[in-house]
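# Architecture at a glance
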Amino acid sequence: MYPEYHREITEALLMDARFLVEGEPEFSCLRENLDFYQQFFEASFGLTLLCQSDYAFLQSARDNDTLSRDICIFLGVLCYEMDREGRNIMEELSFSTFAYEDVERLLELTSFREILEATKSLRDSSSRRNFYHLLARRRLIDKVGDEVFRFTPGHKYFLEFARGVAKGREGEEEE
Amino acid sequence: MILKADPDKVLRFMVENFELVRSLYLAQLAGNVISREQFNALTKHTGDISANRLFEYKLLTEQYDDIRLNEPVRAFLAFLISEFKPLLPSELEKYRTSFRELFTAVQECPEGEQPILLEQLEALYDEVQRFLENVENNTGQLLRETQHLKANKDKMEYGERIRRARHLIEYYIAPLNSILDLQHSESIASLLGELSAFANRERLGHGYQLARDRFGQLHELLRGANERILRQSRILSRELLPLIERLQTESEILSGWILFLERPFRHSVPSFTTRSYRNFFGGSTDANLALFLEQFERRAEAVLLQEEEITAVDRHEVLFDRGLYVESLQEQLPVDDFFGWCRERLYQHEQYPSTERFLKICSIVFEDSELYEAEFTGRRIAIELEDFVFRVPEVRVSRK
């Protein structure tokens, strides 16, 4: 009566609070039963299921989420620094792997250091190590060995947010 | 007409001074004209004779104070160096008028006026050829410019890049796409289709042999043209537009992040997902449930115990003499059945033997665990006390 991966889907989205991404059998199952799951999460938990062509997650009702802010700061600084080096941001985020060492170098030298220092989870390289673990648990990145990671399609959610900011769609300020 | 030299001599002159000619071409490409100062700077190391020959051979012409390459020379160099300014689509639009006029003239050419018909067909052929070359050059140049912009070789600021990208889309790529759109009835490409159908009929049906040949040639060219246009239009829609759109998206993302990073702690953030700590089922659900229910059983008994305690008025009876039991245990070690021993002592020494007392006696071993050694036999024995039955393990206690 329930879809094949019902338990895995519920655990991943609800208990692990992570992205389901294209390539996972759970993701295809979710998309095939999208109407059911949208109703299911809405009726049972009052949560909105956000499902795009290559990623999905449960949107929390909280609008001031520390993790979300930390991710925005991290990605914002990373994109800025990549552009400064003349790299193709979208292409690399979608298809390339990143060495932690390389990312650390960019973050250490950035002119946005002050912002990083004011952010608890991005303050120094040991805090950032925990942060990377957290990103992997939330499936925003996939670890490829000990030294390298790659972004999952989930990162596009945050890039869309940035686009919205540029177009003035996103709220300017909150107190 | 070049009066002062034969054509091959002019060509040789160009070969010998090709670097100079190339820099003149690039200067004109950048600034539309070559200023007198630029010209002087470029010819600083060139002898006067050569500098003058540039004019004598009509490679250069003077326009008031400025200098320009003669148009056929410029086109030739553009072809050689293969670097141009892309044509504005309105420059390509002019072909629509010339095609339309020549087409009408050919259609309306009266019978018996063969010579003019042949000339018109020839002109039409040349015009189509020029149009195709221009379109191909244009797409090629736009592709190079877009890739250049994408790779950001000039290390341009994102704002400048997006401005350039928008400019290319708005003024070059989108209009060029509509010129080449075969689906659109107003596009030049569909006009060429119409022309091709007409040529196809006439190459078989026209009454005059030479005209049939010309129509045949034109038809051949137009058939190829269709493919060439398709190829260009495919480059536009497959490579250029997505490339440049991505560039634009990327710039938007970047400017979004920069706006966000200006006030990172006050700006709103997208609502993400949070972990839910509601555990519904798990491997230990039944054990947890049993534990939970056990609490209630005990609580009922505890009330009973308290009542008994309250009835005790003699404080000496209530106080637990721990030393007494410790001494007694020390004397009798080793004890084979510790809990049994505890029960015995309880009835021996206590006026009101209660569960609470029993547990207190039992605890003396555990409180001083460093003094005793306990050995579990693995069996369980039942000890009855008041209304309880304790199922306790059989323990042998000895001195360490």
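Residues numbered from 1 in each chain as written. Chains lettered and ligands numbered in written order. Predicted model: local features only at pLDDT ≥ 70, side-chain atom pairs only at ≥ 80, totals over all residues. Heavy atoms only, no water.

## Quick notes on the overall build of chain B
When helices and strands are tallied, chain B shows 15 helices and four strands. Scaling as 2.2 N^0.38, a compact globule of 400 residues should have a C-alpha radius of gyration of about 21 Å, whereas chain B reaches 51 Å, well beyond that. For the C-alpha atoms alone, the extent of chain B along its principal axes is close to 145 × 65 × 40 Å. The buried share among the 400 residues of chain B stands at 38%. Here chain B displays about 24,100 Å² of accessible surface, and carbon together with sulfur accounts for 51% of that area. Charge centroids of chain B, computed over 51 positive and 67 negative side chains, lie 7 Å from each other. (Helix = DSSP H or I, 4+ residues; strand = E, 2+ residues; numbered from the N terminus. Rg over C-alpha atoms; globule rule 2.2 N^0.38 Å. Buried < 20%, exposed > 50% of the residue type's maximum accessible area, 1.4 Å probe, protein only. Areas by Shrake-Rupley, 256 points an atom, 1.4 Å probe, with all protein chains shown as cover. Lys, Arg positive; Asp, Glu negative; His and termini not counted. Charge placed at Lys NZ, Arg CZ, Asp CG, Glu CD.)

## Looking at the domain arrangement of chain A
All names here are of chain A. The assigned domain composition of chain A is domain 1 (6-59) and domain 2 (66-166). Listed as interface residues are 11 residues of domain 1 and, on the opposing side, 10 residues of domain 2. Taking both sides of the interface into account, the surface hidden between domain 1 and domain 2 amounts to around 910 Å²; carbon and sulfur atoms contribute 62%. In terms of surface lost to domain 2, no three residues of domain 1 exceed Phe19, Val21 and Tyr55, which account for 50% of the buried area on that side. (Domains from an automatic or database assignment. Contact = heavy atoms within 4.5 Å. Buried area = accessible area lost by both parts, 1.4 Å probe.)

## Section: the sheet that holds strand β4 (residues 97-99) of chain A
All names here are of chain A. Here we have three strands laid out as an open sheet, ordered β4-β6-β5, and antiparallel in their pairing. Looking at the sheet topology across the chains shown, the edges are occupied by β4 and β5 (141-144). Adjacent strand axes in the sheet meet at a mean angle of 35 degrees when their direction is disregarded. Across four bridges, the pairing between β5 and strand β6 (residues 148-151) is antiparallel. Opposite valine 144, over in β6, you have valine 148 as the bridge partner. Running at roughly 70 degrees to β4, helix α6 (residues 100-109) makes contact with β4, β5 and β6 of the sheet. (Pairing = 2+ DSSP bridges. Axes fitted to C-alpha atoms, helices over the stretch in contact; angles between N-to-C directions.)

## Some remarks on the domain arrangement of chain B
With domains assigned, chain B is organised as domain 1 (1-82), domain 2 (84-262) and domain 3 (297-399). In this structure, domain 2 of chain B and domain 3 of chain B have C-alpha centres spaced 102 Å apart.

## Details of the interface of chain B and chain A
Each partner contributes residues to the interface: chain B has 35 residues there, and chain A has 52 residues. Each partner contributes to the roughly 4,400 Å² buried at the junction of chain B and chain A, and carbon and sulfur atoms together form 62% of this total. The largest per-residue losses of area from chain B upon contact with chain A belong to B:Trp257, B:Leu261 and B:Phe272, which jointly make up 19% of the total buried on that side. Connecting chain B to chain A are two salt bridges. (Salt bridge = Lys/Arg side-chain N within 4 Å of Asp/Glu carboxyl O.)

## Quick notes on helix α5 (residues 71-81) of chain B
Residues and elements named next belong to chain B. Looking only at α5, the buried set comprises Val73, Leu77, Ala78 and Ile81. Considered in projection along α5, the buried side chains sweep an arc of 140 degrees and stay on one side of the axis. Of the exposed residues in α5, the ones pointing more than 90 degrees away from its buried face are Pro72 and Phe79. Here the buried face of α5 lies against α1 (7-16), α2 (18-31) and β2 (66-69). Just past α5, the residue serine 82 takes up positive phi, approximately 50 degrees. (Arc of directions from axis to C-beta.)

## Re the sheet that holds strand β1 (residues 20-21) of chain A
All names here are of chain A. With antiparallel pairing, the three strands of this open sheet are ordered in space as β1-β3-β2. Of all the strands in the sheet, the pair left with one neighbour each is β1 and β2 (48-51). When β2 meets strand β3 (residues 55-59), the two strands line up antiparallel, connected through four bridges. Note on β3: the bridge partner recorded for threonine 48 is glutamine 59. Contacts from helix α1 (residues 6-15) reach β1, β2 and β3 within the one sheet, and its direction differs from that of β3 by about 60 degrees. Sheet strands touched by helix α3 (residues 34-45): β2 and β3. Its angle to β2, the strand with the most contacts, is close to 150 degrees.

## Quick word on the pattern of salt bridges
In a structure, side chains of opposite charge can pair up when their charged atoms sit close to one another. All names here are of chain A. Within the structure shown, the criterion is met by 31 salt bridges over all chains. Here glutamate 85 ties to arginine 87 by a salt bridge, and the two come within 3.2 Å at their closest N and O atoms. If you follow the salt bridges from partner to partner, you end up with Glu85, Arg87, Glu92, Asp102 and Arg105 in one network.

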